[in-house]
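Structure assessment
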Amino acid sequence: MHPEINESKLTVVDHPVVARDLTTLRNKNTSTSDFRASLGRISIILAYHALKQLPLREVSVTTPIQETKGYHLDREVIVVPILRAGLGLVDAITRFIPEARIGHLGMYRDEQTHQPVDYYSKLPKGIEDAFVLLVDPMLATGGSALDSIGYLKEKGAKNIRFMCLISAPEGILNVQKQHPDVSIITAAVDEKLNDDKFIVPGLGDAGDRVFGTG
Ligand code: PRP
């Protein structure tokens, strides 16, 4: 791990199913349908970890035998995919939290400048108090994540986590420098970025692969 990365704010999910499916995602010969299936499974495991710090409220529940202690979620969950590729991770979270509301941030990375370009945003109300999960399969330079986190904070979000499949050390460091409060949940920290700012070894362009537009 890069010595400057704050590991207390980084969860790298270590699981045999994740390792197996990540290999399928990395393989350039994987079909769109197999890519989607592997992405679906990994994102469920990531979501499980991303939701670990969700606060609870103690309640009482009556079983058929007696009254006992139970729990309700104490905070609303809002999922915010960064379009397009982030859409592929939303379903994993709504499986756990079916009532989660969903915001959208439209952003693509300019191929020449590698800078994020915003084209759409729509957030649900109540983001100030919500447990916000920003999702995107790739954290490369971190430009898209930084723009998105900055925007969410501008709108009042205080409790943000970033969930991604694959990350580069550069992107993690950039997020941690500007937003040390934001935890990152990822399935892999890859080696580096190449000259085109693609993650190496990575898996190519996640959006193109999940939507079959490559
Ligand atoms: C990819 C990816 C991230 C961004 C990561 O999106 O899904 O949003 O690039 O790069 P960064 O960390 O350097 O900003 P892309 O521009 O390919 O758009 P798409 O999701 O529409 O395919």
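Overview of the structure. (Residues numbered from 1 in each chain as written. Predicted model: local features only at pLDDT ≥ 70, side-chain atom pairs only at ≥ 80, totals over all residues. Heavy atoms only, no water.)

The next subject is the overall build of the protein. Within the protein, the secondary structure is distributed over six helices and 13 strands. Taken against the 2.2 N^0.38 rule, which gives 17 Å for 214 residues, the C-alpha radius of gyration of the protein at 18 Å falls within 12% of a compact globule. Referenced to the eigenvectors of the C-alpha coordinate spread, the extents of the protein come out at roughly 60 × 35 × 35 Å. Scored against the burial criterion, the 214 residues of the protein give a buried share of 46%. Taking contacts inside the protein between residues at least 6 apart in sequence as the whole, the part at least 24 apart equals 64%. Accessible surface, the protein: about 11100 Å² in total, of which carbon and sulfur atoms supply 49%. Here the protein carries 24 positive and 27 negative side-chain charges, and the mean point of each set is 3 Å from the other. (Helix = DSSP H or I, 4+ residues; strand = E, 2+ residues; numbered from the N terminus. Rg over C-alpha atoms; globule rule 2.2 N^0.38 Å. Buried < 20%, exposed > 50% of the residue type's maximum accessible area, 1.4 Å probe, protein only. Contact = heavy atoms within 4.5 Å. Areas by Shrake-Rupley, 256 points an atom, 1.4 Å probe, with all protein chains shown as cover. Lys, Arg positive; Asp, Glu negative; His and termini not counted. Charge placed at Lys NZ, Arg CZ, Asp CG, Glu CD.)

Glancing now at helix 4 (residues 143–154). Across its twelve residues, helix 4 extends 16 Å between first and last C-alpha, which sits within 8% of the 16 Å expected from 1.5 Å per residue. Immediately beyond the C-terminal end of helix 4, within one or two residues, lies Gly-156, with a positive phi of roughly 105 degrees. (Expected span 1.5 Å × (residues − 1).)

Taken together, 15 residues lie near the ligand, and Arg-109, Asp-136, Thr-141, Gly-142 and Ser-144 sit nearest. A distance of 2.5 Å separates an oxygen atom of the ligand from a polar side-chain atom of Asp-136. Between the ligand and Asp-205 there is a distance of 3.3 Å, counted from an oxygen atom to a side-chain nitrogen or oxygen. Relative to its unbound accessible surface of 510 Å², the ligand loses 91% to contact with the protein. For the shell around the ligand, the secondary structure elements donating two or more residues are strand 6 (104–109), strand 9 (138–139) and helix 4. (Near = heavy atom within 4 Å. Polar contact = N/O pair within 3.5 Å; in protein donor to acceptor, adjacent residues only side chain to side chain.)

The final tally for this structure, using the stated rule, is eight salt bridges. Asp-21 is the salt-bridge partner of Arg-20, the closest N and O atoms lying 3.2 Å from each other. Using a relative accessible area of 0% as the deciding quantity, one classes Asp-21 as buried. The shortest N-O distance in the salt bridge between Asp-21 and Arg-41 comes to 2.9 Å. With Asp-21 in helix 1 (residues 16–26) and Arg-41 in helix 2 (residues 32–50), the pair connects residues that are 20 residues apart, well separated along the chain. Exposure remark for Arg-41: the relative accessible area of 38% places this residue in the partly exposed category. Via salt bridges that share partners, Arg-20, Asp-21 and Arg-41 belong to a single interconnected network. (Salt bridge = Lys/Arg side-chain N within 4 Å of Asp/Glu carboxyl O.)

Looking at chain direction, strand 2 (residues 56–62) and strand 3 (residues 67–73) are connected through seven bridges and run antiparallel. From the neighbouring strand, Thr-62 faces strand 3, where its bridge partner is Glu-67. Between strand 2 and strand 3, which follow one another and run antiparallel, lie four residues. (Pairing = 2+ DSSP bridges.)

Okay, helix 2 next. Between the first and last C-alpha of helix 2 there are 26 Å, a value that for 19 residues agrees with the 27 Å anticipated at 1.5 Å per step. Among the residues of helix 2, those classed as buried are Phe-35, Ser-38, Leu-39, Ile-42, Ser-43, Ile-45, Leu-46, Ala-47 and Ala-50. Looking at the buried residues of helix 2, the elements they touch are helix 1, helix 3 (90–96), strand 8 (131–135), strand 10 (160–167), strand 11 (183–189) and helix 6 (206–211).

Any two aromatic rings considered together are summarised by their centre-to-centre distance and by the angle between their planes. Applying the stated criterion across every chain yields a total of one aromatic pair. Seen from the ring of Phe-198, Arg-109 lies directly overhead, with NZ or CZ sitting 5.7 Å from the centre. (Phe/Tyr/Trp six-rings, centres within 6.5 Å; stacked < 30°, edge-to-face > 60°. Lys NZ or Arg CZ within 6 Å of the ring centre and 35° of its normal.)

Moving on, we get to the environment of Ser-38. Position of Ser-38 among the secondary structure elements: in helix 2. Taking C-alpha positions, Ser-38 is 6.8 Å from Leu-25, a pair spaced 13 residues apart along the chain. Setting aside chain neighbours within four positions, we find Ser-38 in contact with Asp-21, Thr-24 and Leu-25.

The subject of this paragraph is the environment of Thr-30. Mapped onto the elements, Thr-30 comes out in the loop between helix 1 and helix 2. Residue classification places Thr-30 among the buried positions, given a relative accessible area of 17%. In this structure, the C-alpha to C-alpha distance between Thr-30 and Arg-209, residues 179 residues apart in sequence, is 9.0 Å. If we ignore the near neighbours within four places in the chain, the residues touching Thr-30 are Thr-24, Phe-35 and Arg-209. Reaching out from Thr-30, the side chain makes a polar contact with the backbone oxygen of Thr-24 at a distance of 2.6 Å.

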